[in-house]
Amino acid sequence: AIAHASEQRIGNFNAQELANTAWAFAIVDTADRGAFVKVLSARAAEMGLAAFNGEQRRHLHQLFLSVELDANPPTELLAPIGLRDACRQAMADNEPARSSK
């Protein structure tokens, strides 16, 4: 139900709203999450990477990763490679520096 309601409005979402929705779907276990990721990914690609800051890209990455981990067997990639890579890199860039001790 939430995915359907979001799909109806996603064309009007700005980057922050899209990222918040992605994060929510990353932590909620719902059967229709995979279909929603396709819609969300298309909207994110339409907006372009420049629309998203690092935190927003990390939220998107969490959703992409959670869907991949839940897929059994693994499904096709639900987001364009460039979008997935940029979101993954945002997560990697945010890792705390490791101590040299």
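Residues numbered from 1 in each chain as written. Predicted model: local features only at pLDDT ≥ 70, side-chain atom pairs only at ≥ 80, totals over all residues. Heavy atoms only, no water.

1. What to know about the packing of helix H3 (residues 33–47) against helix H4 (residues 54–70)
Next up, step 1: Close contact between H3 and H4 brings their axes to 11 Å; oriented N to C, the two are set at 145°. Helix-helix and strand crossings are classified by hand; for H3 and H4 the assignment is left-handed. On H4, the residues that touch Arg33, Val37, Leu40 and Ser41 of H3 are Leu60, Leu63, Phe64, Ser66, Val67 and Asp70.
Next up, step 2: When the residues that make up the contact of H3 with H4 are grouped by side-chain class, the tally is six nonpolar, two polar and two charged. (Axes fitted to C-alpha atoms, helices over the stretch in contact; angles between N-to-C directions. Helix = DSSP H or I, 4+ residues; strand = E, 2+ residues; numbered from the N terminus. Left-handed = near helix turned anticlockwise from the far one by under 90°. Contact = heavy atoms within 4.5 Å. Nonpolar A, V, L, I, M, F, W, Y, C, P; charged D, E, K, R; others polar.)

2. Quick notes on H3
Next up, step 1: The terminal C-alpha atoms of H3 lie 21 Å apart, and with 15 residues this matches the ideal 21 Å at 1.5 Å per residue to within 8%.
Next up, step 2: When we look at burial in H3, the residues that qualify are Arg33, Phe36, Val37, Leu40, Ser41, Arg43 and Ala44. Projected onto a plane normal to the axis of H3, the buried residues spread over an arc of 165° and lie on a single side.
Next up, step 3: Looking one or two places after H3, you find Gly48, whose phi comes out positive at around 90°. (Expected span 1.5 Å × (residues − 1). Buried < 20%, exposed > 50% of the residue type's maximum accessible area, 1.4 Å probe, protein only. Arc of directions from axis to C-beta.)

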